[in-house]
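The chain contents come next:
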Amino acid sequence: MKIKPGIIEWVKGFLDPEEGERLYEIGLEASRVGPCLEIGSYCGKSTLYLGSACRENGGVLYSVDHHRGSEEQQPGELYFDPELYDFQFGRINSFRYFSFILEKAELLDTVVPIAASSALAARGWATSLSLLFIDGGHSYDAVFTDYSAWVGHVRPGGYLLIHDIFTSPSQGGQAPYQIYKLALNSGLFKRHPTIKTLGILQRRVGGELPDLLS
Ligand code: MG
C-alpha cells in the first residue's frame, strides 16, 4: 500500500486499520474512473487512505467537513479532544490538524479540502462521483442530510461507503445503518461484504439485479 510511512499510526481518528485498507483498495479502483468525495474529514485518517489511493491514479479526493467537530466532540461530550480546541476562536477546530496531516502525507496535490457543511457543499454540486464515503455527524439529521444531498451524485458502477454500521442498537447508533438500508432498498445498489463497521455498496449498472434488505 502506498501511504507515506510513519503517519497513519498516530493520526487521530476512529477508523480501524482493516477498514482503512479496504477504503484504500476501493479508492484505487474508483479513482481510475472519476473523482471521489468524503464527508467527515475530521483529522484526516480516512483521507490518508482514500487520498493516497487517488494519488496513485492522478485522481482527486474532495474532503468535506465544517471542522467544528460533530455533536459528540463538543466540550463535555464523550469524544471531546482538548487538543483540537482552539482557544483563539473558543471552539473545536480540526482544520489546522487536518491541513498539517495533508502536508505531511504529501497529499496537497490530490485532496481538495472543503471547509463547509455537507449541505452547503452539495448546494451547487454537479459532478458525478466514483466514490462517496459518508462519515460525518452521526445524528439522524446529519446522516440523512448527508445521504439525501449526495447519493444522487454516485455514478453507475460507483461506490457508496458508509462508516459506523451497527446492525443492533446495543452496538452503536443506528442512523448510518438506516441510510445503508435506505440505499439498498432504493434498488439502485448492490451489496459487498461489510468490513467491521464499513458498509460497502456499489451502484448497479444496467441489467444487474438489486439487493434488497428488510
Ligand atoms: Mg466514523
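Residues numbered from 1 in each chain as written. Predicted model: local features only at pLDDT ≥ 70, side-chain atom pairs only at ≥ 80, totals over all residues. Heavy atoms only, no water.

Peer 1: Which parts of the structure should I look at to understand the overall build of the protein chain?
Peer 2: Regarding its fold elements, the protein chain presents six helices and nine strands. For the protein chain, the exposed area adds up to about 10200 Å²; of that, 52% sits on carbon and sulfur atoms. Placing the 19 positive and 25 negative side-chain charges of the protein chain at their respective mean positions leaves the two points 5 Å apart. (Helix = DSSP H or I, 4+ residues; strand = E, 2+ residues; numbered from the N terminus. Areas by Shrake-Rupley, 256 points an atom, 1.4 Å probe, with all protein chains shown as cover. Lys, Arg positive; Asp, Glu negative; His and termini not counted. Charge placed at Lys NZ, Arg CZ, Asp CG, Glu CD.)

Peer 1: I tried to follow the state of the cysteines on my own but got confused; where do I start?
Peer 2: The term disulfide refers to a covalent linkage connecting the sulfur atoms of a pair of cysteines. Scanning all chains against the criterion turns up zero disulfides. Cysteine Cys36 shares no disulfide, and the gap to the nearest cysteine sulfur, in Cys54, comes to 3.8 Å. You can see Cys43 has no disulfide; the closest cysteine sulfur is in Cys54, sitting 20 Å from it. A residue is classified by how much of its surface remains accessible, and Cys43, at 0% relative accessible area, is buried. (Disulfide = S-S within 2.5 Å. Buried < 20%, exposed > 50% of the residue type's maximum accessible area, 1.4 Å probe, protein only.)

Peer 1: What should I look at first to understand helix H1 (residues 17–30) in this one?
Peer 2: Along its 14 residues, H1 runs 20 Å from first to last C-alpha, staying within 8% of the 20 Å computed at 1.5 Å per residue. Here H1 has its buried residues at Glu19, Gly20, Leu23, Tyr24, Ile26, Gly27 and Ala30. Contact partners of the buried residues in H1: strand S1 (36–39), helix H2 (45–56), strand S6 (129–134), strand S7 (154–162), strand S8 (189–195) and strand S9 (198–203). (Expected span 1.5 Å × (residues − 1). Contact = heavy atoms within 4.5 Å.)

Peer 1: Please clarify how the packing of helix H5 (residues 140–150) against helix H6 (residues 175–185) should be interpreted in this entry.
Peer 2: Their axes nearest at 9 Å, the elements H5 and H6 cross at an angle of 30°. One finds that H5 runs roughly parallel with respect to H6. Handedness of the crossing formed by H5 with H6: right-handed. Facing Tyr140, Val143, Phe144 and Tyr147 of H5, the residues of H6 in contact are Ala175, Pro176, Gln178, Ile179, Leu182 and Ala183. Class assignment of the residues belonging to the contact of H5 with H6 gives a composition of nine nonpolar, one polar and no charged. (Axes fitted to C-alpha atoms, helices over the stretch in contact; angles between N-to-C directions. Parallel < 35°, antiparallel > 145°, perpendicular 65-115°, else oblique. Left-handed = near helix turned anticlockwise from the far one by under 90°. Nonpolar A, V, L, I, M, F, W, Y, C, P; charged D, E, K, R; others polar.)

Peer 1: Just checking my understanding: could you explain the coordination of the magnesium ion for this structure?
Peer 2: The coordination sphere of the magnesium ion contains the protein donors Asp135 (OD), His163 (ND1) and Asp164 (OD), at a distance range of 2.1 to 2.3 Å. Sequence positions of the donors to the magnesium ion reduce to the motif D-x27-H-D. Pair noted here: Asp135 is in the loop between S6 and H5 and Asp164 is in the loop between S7 and H6, with a separation of 29 residues, a long-range link. Judged by its relative accessible area of 15%, Asp164 falls in the buried class. (Donors = N, O, S within 2.8 Å, 3.2 Å for Na, K, Ca; no water.)

Peer 1: Explain unusual backbone geometry here, please?
Peer 2: Leaving glycine out, the prevailing phi sign among residues is negative, and the prevailing peptide bond configuration is trans. Positive phi values are uncommon outside glycine, yet His67 reaches one of about 60°. Its place among the elements puts His67 in the loop between strand S2 (61–64) and strand S3 (85–86). Since its relative accessible area comes to 2%, His67 is described here as buried.

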